[in-house]
Amino acid sequence: MKTKDFALQVKDLGDDGTFEGYGSIFGNVDSYGEKVLPGAFIDSLTRHKREGSSVLMLWQHNPNEPIGVWDDLAEDAKGLWGKGQLILEVQKAREVHALMKRKAIGGLSIGYREQDTDQEGNVRLLKKLDLYEISPVSFPANRRARIESIKSERMDEFARRLRDGDPMPVKDFEDILREAGIPKSMAVQIASVGYAKAIRRESEGEKANDAAAFLKALRG
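Moving on, we come to the overall build of the protein. Looking only at helices and strands, the protein features six helices and eight strands. Reading the helices (α) and strands (β) of the protein from amino to carboxyl end gives β-β-β-α-β-β-β-α-β-β-α-α-α-α. Here the protein holds 220 residues, and 39% of them are scored as buried. Of the contacts formed within the protein by residues at least 6 apart in sequence, a portion of 64% connects residues at least 24 apart. With the model as given, the accessible surface of the protein reaches about 12100 Å², and the carbon-plus-sulfur share is 49%.

Below, the structure is given as structure tokens:
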């Protein structure tokens, strides 16, 4: 099962634990270079309804921590809309409810299997997905921590190699950008044009400031 995160846009969070939000947004290219297309969930939602099965509401995709139910799920022009209810008799659900009230929960994340995909240039198109669960997640905080970890480890290596006159290959630098959440097409452009030009000048003996400027901009 694969997962994909989206910013949580909660509407009408009730004292009884009811809320509305989008588990997926159509048309945007994410940091993996993927885009969910309209219609991706229709067959799956129809199957759940026909078979009487449910899309689960878990905490952080943990199958041992169900925290609520999805009363209604549907596609609209924007994406996969859902109306759910946290089961407040469950301790973790009460905690999530309190965090949502304070806007400390930053996202919803879908758990799915791919049924039909396509490719459009550098973008992978997700045309049909089998939806298993939608989880409230705290991914923005985790994502920041991941980026800071990359900066403190791989970026230190990146800086050291620049100082030592042994810059990373363009592909390695592109990978660092991708891991930091930069979309694939943008990471390729930055690495293959600007960074490649900077290290080429260094290798030709010019004491240009391009590489240093790259490092300063990334750390800023």
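The phi dihedral of Q60 falls on the positive side, at around 55 degrees, and the residue is not glycine. Take Q60: its relative accessible area is 30%, and that puts it in the partly exposed class. Non-glycine residue H61 carries a positive phi angle of around 70 degrees. Looking at the secondary structure, you find H61 in the loop between β4 (56-59) and β5 (62-75). With a relative accessible area of 19%, H61 lands in the buried category.

Reading the values: rules and limits
Residues numbered from 1 in each chain as written. Predicted model: local features only at pLDDT ≥ 70, side-chain atom pairs only at ≥ 80, totals over all residues. Heavy atoms only, no water. Helix = DSSP H or I, 4+ residues; strand = E, 2+ residues; numbered from the N terminus. Buried < 20%, exposed > 50% of the residue type's maximum accessible area, 1.4 Å probe, protein only. Contact = heavy atoms within 4.5 Å. Areas by Shrake-Rupley, 256 points an atom, 1.4 Å probe, with all protein chains shown as cover.

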